[in-house]
Amino acid sequence: MKSQARVVVIGGGIAGCSTLYHLTQEGWSDVVLVERDELTSGTTWHSAAQVTNFGMSQVMIGLKSHSIKLYKELAADIDYPVGYNYGDGGIRLANTQAHMDGYAHFTSLAKGMGVEFEVLDAQECARRHPLISTENLMGGLWDPTDGHIDPAQLCQALARRARAAGAEVYRFTSVTDLTQHADDSWTVHTDKGDIRAEIVVNACGYRVNEVGAMMGVEHPVASMEHQYFITEDMPGVVEAGHRIPLLRCPISDYYSRQEKNGLLVGFYEQDCKTWGMDGIDPKFSNDLCPDDLDRVMDVLEGAIARMPALAEVGIKQVVNGPITYTIDGTPLVGPIPGKRNAFCIIGLRAGLGEGGGHGWLLAQQIVHGEACYDTWALDPRRFTGHATQELTSLYAIQDYQNEFRFHLPHEHRSAGRPAKTTPLTPILEQAGAHFTVVNGWERSDYFKPTSEFVEDYGYRFTQVHEVVATEVAQVQNHVGLAEVNGFNRIEITGSGARDWLDYMICSRVPRKIGKVGLGYLLNEYGNVKAEATIANLPDGRIWYGSAAAAEFHDMDWLRQYLPKDGSVELRSLTNDHTILVLAGPKSRAVLSACARGDWSAPGFPWLSVREARIGHAPAIVMSVSFSGELAYEIHVPNASLFAAYSALMQAGAAHDIGHFGARAVDSMRMEKGYLHWKSDLITEFDPYETGLDRFVCQDKDFLGKSGLVARGGKKRRQLRMLEIDATYASPQASDSLYAGGELVGSVTSAEWGHRTDKNIAYAFLQPDIIEGLTVDIIGKPYTAKVLNGPVYDPDNSRVKT
Ligand SMILES: Cc1cc2nc3c(=O)[nH]c(=O)nc-3n(C[C@H](O)[C@H](O)[C@H](O)COP(=O)(O)OP(=O)(O)OC[C@H]3O[C@@H](n4cnc5c(N)ncnc54)[C@H](O)[C@@H]3O)c2cc1C
């Protein structure tokens, strides 16, 4: 066994084998994989191993396309052909209009990644799948590539190719501990000796938290027991004359695929069970949980109702094994939060279908720092301090119970809530707040007009459309108050703070104390990494503020570039403060009525910051606006939040103050051309492509400048603002745009602008395309007109006066 390697991958399931193989593909051969038993002895060996191209984001579609391409190549390898039933085709069923609309959207989204799905009616579903009845069925989504693969052969093939490229695989070798050194390298302790590694990768499946604990990390991953059975031969399968397509059912939550001349049917039962929460027997390897078909009877009934022939056939084999889940059901693939030189590829719940692609994206991140796609949807830093295993297990149960019932737009289910609250949460709830979840925080989405109000989620405008219109009018004509909790806030101090931060952003840190500005952080390739509000405060303090979800991401990024001499210090204030946003033409009057000082336009102009008291509550007030109305962001320590809120509401009573929520903000920011991190601001494009030219200071040095300059101004795409000719729905993120029948781009975000009565979207488009555009909305094309800048108060007169 080697005593030194560039990368040690821990775990020899699909996740580890794919990572090892792809590291060699990226050119690193000094890489090893350590597996406590035989390869695939965790979950992988007993997987149903279905491989679909279906995904609910473009990155998931892209990585699955990579898996399929790779698996086809491995199946065609004459030296070691992998058993792969490619192209049986698969149907995802639907019995509600909202799910049919969703399928139309996912079809459009997939087109943007070069993948073709088809929306079918019920009769066509039955024509393609001869065993199903059409009762209570509206239709389905057809994925022509759907199939399944031999999981053990797949992993062996990947390991074989990796070995041929110089990698080494140590089987029957357990990692027992991990030690990190001052230079960020690791010693990987195993029962066969130590390996010094530059980088470690946790690919340990359901044992993820045993290895996580070795580096002091709790990963938000929990396991569920999951069962399928395999039937005896079925006449309907034999007589079909073609392979039976795969089936996934959101009505009863089961799947099926052909297995020899019978079916394999898997279940996501309501009466489900977590697994391994109290520790895992070290001897559990190549092992299964006891069969328990009684538990799945509810779902089995649904499967029989859809495929009556199932009632006539015997069961040959039952498999019950652990399967991992994360808080949002999507794996964690990327850097481990708070650690250096440590990565993970964990929480895979469809790891055979996805594993080829996850290993590909992870290897790119390890070798190049970024992957070809913005991988935020997979980033382990998207959950923060609240993400315990206990919370994860609650989400895991809920996701398992709704396996094929995807979330509709704006829908947040109830499990694990509330995770993060402020002292105002119950007060806002009493005021009618309907909450959404932002990085675990309960954030007011809108305020219900009556206590009985319930939203019918869907892809078309719902009753909330009018509620949001009312909140927007409140802000536009009077004054509104919104709570923005969880805003990521880092205090930067030290003698080198200003110069260092100025290097980290391509724009400038405000020079004068008392001023605020926007900062854009680029990666080494000159693409957009992060966005921050930067406030220059007295006493040498700089406040760096960014999206709530960016808490771990931004801190890791900043820490990575901290000077070694200790001249800059970072302190997170995220969980200690909350923002109260006061917005609208009467906001100055309200603020003046409850806070001492000169709040006039000349006394406290746009983009200013100052310490103040709201009533008696300490606060830092910034005159910045994400709504396009005169507005103040009031940052208050949580202990004083209620006091500040009460003072503002009292002062506001004379000015008809009302609450507003995140959806009203989204409507207003669209009209102003303001962008959202990780919707519109992504690592796939540079600031010029993103329309941020005015924030790039070419006359100074900054991180990412050489990468940006090396690109020579050549544009891959251009972010454009569009007006859409549809009045019943907005496009969804990733819906496709066409010009002359050609695919020319994808939507990044969209919302109805209530002040201008315009349906507005942002999209990355081929740079030279500005006319003849259409965008898909729920399967139908609508005209999209390119707009030249903000459609509401383009001169910013409202925020300045
Ligand atoms: C019943 C069932 C059906 C499924 N069906 C499908 C399907 O149809 N399609 C699909 O895509 N997915 C399916 N899945 C999920 C899929 O099987 C998993 O997502 C995938 O196998 C996970 O692979 P992994 O490499 O992450 O984990 P594992 O396969 O569990 O691999 C982890 C490896 O790490 C090793 N390890 C752990 N600790 C250590 C240590 N300390 N030192 C060294 N090695 C260690 C383990 O021995 C193990 O081999 C199914 C799962 C189940 C349970």
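Residues numbered from 1 in each chain as written. Predicted model: local features only at pLDDT ≥ 70, side-chain atom pairs only at ≥ 80, totals over all residues. Heavy atoms only, no water.

S.K.: I would appreciate a short explanation of the pairing of strand S24 (residues 488–493) in the present structure.
M.R.: Along any regular strand, the residues point their side chains to alternate faces of the sheet. Counting buried residues along S24, five of its six residues qualify, which places the element largely inside the surrounding structure. Pairing of S24 with strand S27 (residues 542–546), which is carried by five bridges, proceeds in the antiparallel orientation. Note that in S27 the partner of Glu 491 across the bridge is Trp 543. Strand direction decides the pairing type here: S24 and strand S28 (residues 569–572), joined by four bridges, are antiparallel. The partner of Ile 492 across the bridge, within S28, is Leu 570. (Buried < 20%, exposed > 50% of the residue type's maximum accessible area, 1.4 Å probe, protein only. Helix = DSSP H or I, 4+ residues; strand = E, 2+ residues; numbered from the N terminus. Pairing = 2+ DSSP bridges.)

S.K.: Could you clarify how one ought to interpret the pattern of salt bridges in this entry?
M.R.: Two side chains carrying opposite charge are able to pair once their charged atoms lie near each other. Following the criterion strictly, the structure yields 47 salt bridges and no others. We note a salt bridge from Arg 711 to Asp 686, for which the minimum N-O separation is 2.7 Å. Here Arg 711, found in the loop between helix H18 (705–710) and strand S34 (718–724), pairs with Asp 686, found in the loop between helix H17 (662–672) and H18; they are 25 residues apart in sequence, far enough to count as distant. By relative accessible area, Asp 686 is classed as buried at 2%. In this structure, Glu 723 and Lys 785 form a salt bridge, with 3.9 Å as the shortest nitrogen-oxygen distance. In this pair, Glu 723 is assigned in strand S34 and Lys 785 in strand S39 (residues 780–787), connecting sequence segments 62 residues apart. Classification of Lys 785 by relative accessible area gives partly exposed; the value is 49%. Each of the salt bridges in this network shares a partner with another, and the network as a whole consists of Glu 225, Glu 269, Lys 273, Asp 292 and Arg 295. (Salt bridge = Lys/Arg side-chain N within 4 Å of Asp/Glu carboxyl O.)

S.K.: Explain the nonpolar core to me, please; I cannot follow it from the model alone.
M.R.: Val 7, Leu 23, Ile 149, Leu 154 and Ile 366 are the most contacted members of the largest nonpolar core, which totals 49 residues. Contributing elements (two or more residues each) for this core: strand S1 (4–10), helix H1 (14–25), strand S2 (31–34), helix H2 (58–75), helix H5 (151–164), strand S12 (193–202), strand S20 (342–346) and helix H9 (351–368). In terms of nonpolar packing, the next biggest core, distinct from the first, is built from 45 residues, Ile 505, Val 509, Leu 703 and Leu 708 among them. (Core = buried A, V, L, I, M, F, W, Y, C linked by side-chain atoms within 4.5 Å.)

S.K.: It is not clear to me how H17 should be interpreted in this structure. Could you clarify?
M.R.: Burial analysis of H17 places 10 of its 11 residues in the buried class, the great majority of the element. Among the residues making up H17, those that are buried are Arg 663, Ala 664, Val 665, Asp 666, Ser 667, Met 668, Arg 669, Met 670, Glu 671 and Lys 672. Those residues of H17 that are buried are in contact with strand S22 (441–447), helix H12 (464–477), S34, strand S36 (742–753) and strand S37 (758–765). Just beyond H17, the residue with positive phi is Gly 673, at close to 80°. (Contact = heavy atoms within 4.5 Å.)

S.K.: Please explain the sheet that holds strand S23 (residues 480–484) as it appears in this structure.
M.R.: Paired through backbone hydrogen bonds, the strands of a sheet run either parallel or antiparallel to each other. Read across the open sheet, the six strands follow the order S30-S31-S32-S29-S23-S33; overall the sheet is mixed. Two strands bound the open sheet, and with one partner strand each, they are strand S30 (609–614) and strand S33 (658–659). Bridge count for S23 against strand S29 (residues 577–583) is five bridges, and the pairing is antiparallel. Looking at the pairing, Gly 480 lines up with Ala 583 of S29. Relative to the sheet, helix H15 (residues 587–594) contacts S29, S30, strand S31 (617–622) and strand S32 (631–637), its axis offset from that of S32 by approximately 35°. This element, helix H16 (residues 641–652), spans S23, S29, S30, S31, S32 and S33 of the sheet and lies at about 10° to S29. (Axes fitted to C-alpha atoms, helices over the stretch in contact; angles between N-to-C directions.)

S.K.: What's the story with the sheet that holds S24 in this structure? I'm lost.
M.R.: An order of S25-S26-S27-S24-S28 is seen for the five strands of this open sheet, with the pairing classed as antiparallel. Sheet topology places strand S25 (516–522) and S28 at the edges, where each strand pairs with a single neighbour. Put simply, the sheet's adjacent strands are angled 30° from each other on average, direction ignored. Strands S24, S25, strand S26 (528–536), S27 and S28 of the sheet are contacted by helix H14 (residues 551–560), whose axis makes an angle of about 170° with S28.

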